[in-house]
Amino acid sequence: MAPIPGSGLAKGLAVTLRTMTKKSVTAQYPDAQPDLPPRTRGVIGLFEENCTVCMLCARECPDWCIYIDSHKETVPAATPGGRERSRNVLDRFAIDFSLCMYCGICIEVCPFDALFWSPEFEYAETDIRDLTHERDKLREWMWTVPAPPALDPGAEEPKELAAARKTADKLAAQQAPPATEPHADEQARAAEQPTRPQGDSKQQTDQPKPGQPNPGQPNPDQSRPDQSRPGQEGSA
């Protein structure tokens, strides 16, 4: 069916008329803060305890706006005779937001969940050089990251929570006082009780019940010769 000529113009005018009849509302910013969606891409927060200096975020950034410096430290062996290990220690983590295009690739490729989106957006500066924020500022923005949405009640528990709960239970078991031993009287009473040898139970099972012939001895009724009962001779 062909559209009616002028229908698009009529729809546009209808939207204009509906808007003209509504009262305009102006958000009084900065006195009234805007209600931002939970997935707003404001700035990037850094949780540096999770950062292992793997450099994936800096290598995958298309704008090359992430700067990372680190050094290596030797960790002594955990067990006697073990081998010493080396680990990377973070010295600098900075993001130049004058170059960042908020693509979120660095957050997606981080394997240890060290980078998060924060809804903060008030970080304007008068000098463009001040838009390069160091790890101290990125850590402050980390505490403004909203909590993740609740999981489905039937979903599997996150592995991080399961590992943390297992570690907490192990520490609680180690710090718990040892179980008290049984009373000395109970131990003595248990020691005084005679133990039945294993052969007794077998001998008891082999003994015949009263009224039953012993299979190892001949039956007295079978050993006697057949005797006629009284009263049967005359009939014979």
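Model, not experiment: these values are computed from the prediction.

> Any chance you could explain the side chain of His 133 here in plain terms?
For His 133, the position within the fold is in strand E5 (residues 132–133). The buried category is assigned to His 133, whose relative accessible area is 7%. The residues contacting His 133, other than those within four sequence positions of it, are Phe 93, Ala 94, Ile 95, Phe 97, Tyr 123, Glu 125, Leu 138 and Trp 141.

> Before we go on, may I ask you to explain the nonpolar core in this structure?
A general trend in soluble globular proteins is that nonpolar side chains are found buried together. Counting residues in each nonpolar core, the largest one holds 26 residues, and the members touching the most others are Ile 44, Ile 66, Ile 68, Phe 93, Ile 95, Phe 97 and Leu 115. Residues in contact with Phe 97, not counting those within four places in the same chain, are Val 43, Ile 44, Tyr 102, Tyr 123, Leu 131, His 133, Leu 138 and Trp 141.

> Help me understand the pattern of salt bridges in this model?
Opposite charge on two side chains permits them to pair, given that their charged atoms come into close proximity. What the rule picks out here adds up to 7 salt bridges. For Lys 137, the salt bridge is made with Glu 140, and the minimal N-O distance between the two is 3.7 Å. Of this pair, Lys 137 and Glu 140 both sit in helix H4 (residues 135–142), separated by 3 residues, roughly a single helical turn. Taking relative accessible area as the criterion, Lys 137 reaches 34% and is therefore assigned partly exposed.

> Would you mind showing me how to read the pairing of strand E1 (residues 43–46) here?
The side chains of a regular strand alternate, residue by residue, between the two faces of the sheet. Where burial is concerned, the two faces of E1 agree: the one with Val 43 and Gly 45 and the one with Ile 44 and Leu 46 are both buried. Pairing of E1 with strand E4 (residues 115–118), which is carried by 4 bridges, proceeds in the antiparallel orientation. When the sheet's bridge partners are listed, Ile 44 is paired in E4 with Trp 117.

> Looking at this structure, I do not really get the pairing of strand E3 (residues 85–96). What am I missing?
Where strand E2 (residues 66–75) meets E3, 10 bridges bridge the pair, whose relative direction is antiparallel. Within E3, the residue paired with Glu 73 across the bridge is Arg 87. Where E3 lies against E5, 2 bridges are found, and the strand directions are antiparallel. Among the inter-strand pairings, Ile 95 is bridged to a residue of E5, identified as His 133.

> Sorry if this is basic, but what is going on with the sheet that holds E3 here?
By way of backbone hydrogen bonds, the strands of a sheet pair with one another, either parallel or antiparallel. Pairing is antiparallel in the open sheet, where 3 strands are placed in the order E2-E3-E5. The open sheet is flanked by E2 and E5, the only strands paired with a single partner.

> Hey, could you run me through H4 in this one?
An α-helix turns once every 3.6 residues. As a result, residues three or four positions apart point the same way. Residues of H4 that are buried: Leu 138, Trp 141 and Met 142. Angularly, the buried residues of H4 cover 110 degrees about the axis, an arc narrow enough to put them on a single face. Looking at the buried positions of H4, the neighbouring elements they touch are E1, E3, E4 and E5.

> Would you explain the packing of aromatic side chains in this entry?
Given two aromatic rings, one states the distance between the centres and the angle between the planes to describe the pair. Considering all chains together, one arrives at 7 aromatic pairs under this definition. Consider the rings of Tyr 29 and Phe 121, whose centres lie 6.1 Å apart with planes at 35 degrees: the pair is tilted. Placement of Tyr 29 in the loop between helix H1 (7–21) and E1 and of Phe 121 in the loop between E4 and E5 is noted, with a sequence separation of 92 residues between them. For Tyr 29, a relative accessible area of 42% puts it in the partly exposed group.

> Would you explain unusual backbone geometry in this entry?
For residues that are not glycine, phi is negative in most cases, and the peptide bond is trans in most cases. Cis geometry marks the peptide bond from Tyr 29 to Pro 30; its omega dihedral reads 10 degrees. On the secondary structure map, Pro 30 appears in the loop between H1 and E1. The backbone of Tyr 102 sits at a positive phi, close to 60 degrees, despite the residue not being glycine. Within the secondary structure, Tyr 102 sits in the loop between E3 and helix H3 (105–109). Within the chain, Asp 113 stands out as a residue other than glycine whose phi angle is a positive 55 degrees. Considering the arrangement of structural elements, one finds Asp 113 in the loop between H3 and E4.

Rules used in this analysis
- Residues numbered from 1 in each chain as written.
- Predicted model: local features only at pLDDT ≥ 70, side-chain atom pairs only at ≥ 80, totals over all residues.
- Heavy atoms only, no water.
- Helix = DSSP H or I, 4+ residues; strand = E, 2+ residues; numbered from the N terminus.
- Buried < 20%, exposed > 50% of the residue type's maximum accessible area, 1.4 Å probe, protein only.
- Contact = heavy atoms within 4.5 Å.
- Core = buried A, V, L, I, M, F, W, Y, C linked by side-chain atoms within 4.5 Å.
- Salt bridge = Lys/Arg side-chain N within 4 Å of Asp/Glu carboxyl O.
- Pairing = 2+ DSSP bridges.
- Arc of directions from axis to C-beta.
- Phe/Tyr/Trp six-rings, centres within 6.5 Å; stacked < 30°, edge-to-face > 60°.

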